[in-house]
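A closer look at the structure
Now for the letters of each chain:
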Amino acid sequence: MSFDVVQFGSVLRLIEAALGRTPKWGGSLNNKGHLYDFAWIREGMDFWWQNTELKSRKVALPAFICPIVPRVLEKNGLEPVFGDVSLDDFHLNKVPSNAGAVIVNHTLGMPFDVKKIGEFKGLIVEDVAHGWGAKLNGKWIGTDGDAAFFSFYKQVANGHGGLLWSRNEMDTSELRQAKFPWLKSLVFSRGVGAALNLWRRQTGLAGGEIPELNEPRRCSKMGNKLFARSFSTLEEEVEGRQKVTKWYLEKMDEKFVIPQQGPKGAEPSYFRFNLRLKPELASKRDEVLLKLRRKGVFADRLWSNAPAKGFPNAELLAKSVINLPIKSTYSKKDVDKLFNIFYECF
């Protein structure tokens, strides 16, 4: 059994997608707004802010967030206004009333209750990068605001791609189409990936580099095909992970860890199983991740490079969050093995 946060595809799947048709997908997203694909989520964000008018140039967002998000805002002449987050669900605590927009993050796949914002007068943007299949009170997240951003590759094996859901119609006809990253997809196919893991076990942790911002491009045809072919089974995979989660929760040892918690009625995507180390153990986080890697368990530390300075809870999360691999195919025996390895690293 592989314990890895990376989604490995297969060469056969690439060939089938290249030769096959693109199935229809999107479900209720199509009924409530307009869908536009992009090479990367950040390019979709860039395009939306370029083409959206705000009453104020201030945009509220959580200080525990992917650092590319405020960079996109600044590129478009907007002022990020950070706020601290909850240590329970990792979500934004408070929205300033003078902001022209707010980015609500369904953090690491945990639904954010948009109703918490109250009578906010600005635009509401949902970051659903890790949240395909997540629900709140039985309803899919991502259509409660004015726009939302989803990923084509964070929850399924795909080379690239992002989706903009917009309540208003937009014109993307002048955007050029990106090329599909064939080499990357072949490297992260299962056969090659097994050999790659032998090397990964000996390497250090990724440095958290922030990618360059290109001008917005459409997703490649191949990227669209791969995601469309995965979409029909994505909800089933999420439901499977939600069932496996009960075994993870049984393994929570309060001497070491605290799991991410959600609002009432939340059904997370479990893109990863997210927890944080107890504050007194936070300094050991990277050491634990390296020990896991040496033992063949590839976990993550999103977002260790968050723009969290000056916000105590966000700073603590950036230093202490661990994202463990979780898959619908894991058995209770697999979960027991994973956590035996995990606790051996302390």
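Check the entry above for the structure.
Here's a quick rundown of the structure. (Residues numbered from 1 in each chain as written. Predicted model: local features only at pLDDT ≥ 70, side-chain atom pairs only at ≥ 80, totals over all residues. Heavy atoms only, no water.)

1. Here's the deal with the side chain of Thr 245
Along the chain, the position of Thr 245 falls in helix α7 (residues 221–250). Here Thr 245 falls in the buried class, since its relative accessible area comes to 2%. One polar contact links the side chain of Thr 245 to the main-chain carbonyl oxygen of Arg 241, over a distance of 2.7 Å. In this structure Thr 245 touches Tyr 270, Phe 273 and Ile 326, once residues within four positions along its chain are discounted. (Helix = DSSP H or I, 4+ residues; strand = E, 2+ residues; numbered from the N terminus. Buried < 20%, exposed > 50% of the residue type's maximum accessible area, 1.4 Å probe, protein only. Polar contact = N/O pair within 3.5 Å; in protein donor to acceptor, adjacent residues only side chain to side chain. Contact = heavy atoms within 4.5 Å.)

2. Regarding the layout of surface pockets
Estimated volume of the second largest pocket: approximately 610 Å³. Gln 7, Phe 8, Arg 190, Glu 237 and Lys 327 are, among the 24 residues lining the second largest pocket, the residues nearest its centre. Mapped by element, the contributors of at least two residues to the lining of the second largest pocket are α1 (11–19), α6 (190–200) and α7. Along the lines of polarity and charge, the residues of the lining of the second largest pocket split into six nonpolar, 10 polar and eight charged. (1 Å grid on protein atoms, 1.4 Å probe; cavity = no way out; pocket = protein on both sides within 12 Å on 5 of 7 lines; lining within 4 Å. Points joined across faces, edges and corners; volume = space filled by probe spheres on them. Nonpolar A, V, L, I, M, F, W, Y, C, P; charged D, E, K, R; others polar.)

3. Observations regarding unusual backbone geometry
That bond from Leu 302 to Trp 303 is cis: its omega, -20°, falls within 30 degrees of zero. Among the structural elements, Trp 303 can be located in the loop between β14 (297–298) and α9 (312–320). A positive phi angle, near 70°, is found at Phe 90, a position not held by glycine. Residue position: Phe 90 is located in the loop between β4 (79–83) and β5 (101–105). Residue Phe 90 is classed as buried on the basis of its relative accessible area, which comes to 1%. Unlike most non-glycine residues, Tyr 270 shows phi in positive territory, near 50°. Locating Tyr 270 in the fold gives a position in the loop between β12 (266–267) and β13 (273–277). Take Tyr 270: its relative accessible area is 16%, and that puts it in the buried class.

4. Things to note about the side chain of Arg 200
Within the secondary structure layout, Arg 200 lies in helix α6. When neighbours within four sequence positions are excluded, Arg 200 is seen to be in contact with Asp 4, Val 6, Phe 8, Arg 293 and Phe 298.

5. A word on the pattern of salt bridges
Per the counting criterion, the structure on display carries 16 salt bridges. A salt bridge links Arg 200 to Asp 4; the nearest nitrogen and oxygen atoms lie 2.7 Å apart. Of this pair, Arg 200 sits in helix α6 while Asp 4 sits in strand β1 (residues 3–4), and the two are 196 residues apart along the sequence. Among the residues examined, Arg 200 registers a relative accessible area of 9% and is labelled buried. (Salt bridge = Lys/Arg side-chain N within 4 Å of Asp/Glu carboxyl O.)

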